[in-house]
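Residue strings, one per chain:
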Amino acid sequence: MHTIFLIGATGKVGGAAAEHLAQFDNLRVIAGVRDETRAKAVLPNSIETRPFDLDDRDKIDAALKGVDAVLLLTGYTVDMLKQSKRVVDSARAAGVRHIVHVGASGNDTAEVAHWGWHRMIQAYIAASGLSYTFLQPEAFMQNITAFGWLQGNALTNLIGDAAWSWVDARDVGLLAAEALRRPNSFAGETWRLGYAQADMAQVADMIGVHRSAKVSLAPLDPQVFYEAAVDLGGDPVYLTCIRDQFRMNAAGEIADADAIFDQESFKAATGRLPLGWTDYLRDAFPSFSQVA
């Protein structure tokens, strides 16, 4: 039986992958978890759990025994570099055959440091000899709610007039699941994922139509965002990357930040077209029936 191990199975992307993979009786799906009680409360019943900690090599080694494919997701800290190396080294030693790595934007700029960290991780995976699939999502639609950017009828704007390429995290999870389920069909592929283009004013307008209420923009200095996020316990090194990205977006210094990618290729790989703003808003705000 094909055995899949999920890192981040209780998050946005990993959770979507778990939901999709749970449909297949010919798969053994295992989630690496810190809190088994919490994980079992949110994961499908068919998914097993194993103790896991990205900062504990012994737990990584034990968790990857007998595994064929791994979903590699890390947190929002500079520690992603050493954590990812641990997983790749353990996977190779355990006989894992395929890794699906979820990184960040594949934009060519070298000025956003954490994008470069993900590229380095991907280069290490490629050099390891393991089969791989690399997913490079642009801005997640879920960030609107997950990061508290929407406060009542005001939407935080950190990027001025810049437009982003957006993707629903569920689409990233779906593609990850298919690459884990059918690794031979995705081996050696790099996917850039962004299927809806919008600036923050357009996002505010779409939310306003959906909620039948005007949503205004609330401009925020990226430095203020940075200081508040660090005060809440965020990694200062990682958050410096985010702050600098926002500043560069607002100044128009990141070319093609709003680039969108081939929807038909996504459909061929997953069986459906990518989700759009209509789908996201309907599911994020189910109490409102009308969607633009």
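Our structure is the block above this text.
In this convention, every chain numbers its residues from 1, walking through the sequence in written order. Given that this is a predicted model, residues contribute local features only at a pLDDT of at least 70 and side-chain atom pairs are listed and counted only at 80 or more, while totals for whole chains, interfaces and linings are drawn from all residues. Excluded from the side-chain calculations are hydrogens and water; all other atoms, namely the structure's heavy atoms, are used.

It is worth spelling out the overall build of the chain at this point. For helices the rule is a DSSP run of H or I covering at least 4 residues; for strands it is a run of E covering at least 2, with both sets numbered from the N terminus onward. Helices and strands together make up the secondary structure of the chain, namely 13 helices and 13 strands. Note that the radius of gyration is over C-alpha atoms, with the globule rule given as 2.2 Å times the number of residues to the power 0.38. Taking 292 residues into account, the globule formula puts the C-alpha radius of gyration at 19 Å, and the chain, at 19 Å, falls close to it. Taking all 292 residues of the chain together, 51% fall into the buried category. In the chain, of all internal contacts separated by at least 6 residues, the share reaching a separation of at least 24 is 74%. For the chain, the computed accessible surface area is about 13000 Å², with 50% contributed by carbon and sulfur atoms. For the exposure calls, accessible area comes from a 1.4 Å probe over protein chains only, and a residue counts as buried if that area is under 20% of its type's maximum, exposed if over 50%, partly exposed in between. Throughout, a contact is declared for two residues whenever any of their heavy atoms are within 4.5 Å. Values of accessible area rely on a 1.4 Å probe in the Shrake-Rupley scheme; residue burial ignores everything except the protein chains shown.

At least two DSSP bridges between two strands are required for those strands to pair. Across the sheet, 3 strands lie side by side as β7-β10-β12; this open sheet has mixed pairing. Taken across any chain shown, the strands that pair with only one partner, and hence form the sheet edges, are β7 (139-140) and β12 (196-199). Note that β7 and strand β10 (residues 163-167) share 2 bridges and pair parallel. Bridge pairing in β10 places Ala-139 opposite Trp-166.

Glancing now at the packing of helix α7 (residues 169-181) against helix α12 (residues 263-270). Closest axis-to-axis distance for the α7/α12 pair is 10 Å, and the angle between their directions is 50 degrees. Relative to α12, α7 is oriented oblique. At the point where α7 passes α12, the crossing takes the left-handed sense. For the pair α7 and α12, the contacting residues are Asp-171, Leu-174, Leu-175 and Glu-178 in the first and Phe-266, Ala-269 and Thr-270 in the second. When grouped by side-chain class, the residues that make up the contact of α7 with α12 number 4 nonpolar, 1 polar and 2 charged. Axis definition: a line fitted to C-alpha atoms, limited for helices to the stretch in contact. Angles are taken between N-to-C directions and run from 0 to 180 degrees. For classification, angles of less than 35 degrees are called roughly parallel, those exceeding 145 degrees roughly antiparallel, those between 65 and 115 degrees roughly perpendicular, and all remaining angles oblique. Less than a right angle of anticlockwise turn of the near helix away from the far helix marks a crossing as left-handed, whereas a clockwise turn marks it as right-handed. As a working rule, the residues Ala, Val, Leu, Ile, Met, Phe, Trp, Tyr, Cys and Pro are called nonpolar, Asp, Glu, Lys and Arg charged, and the rest polar, with Gly in that last group.

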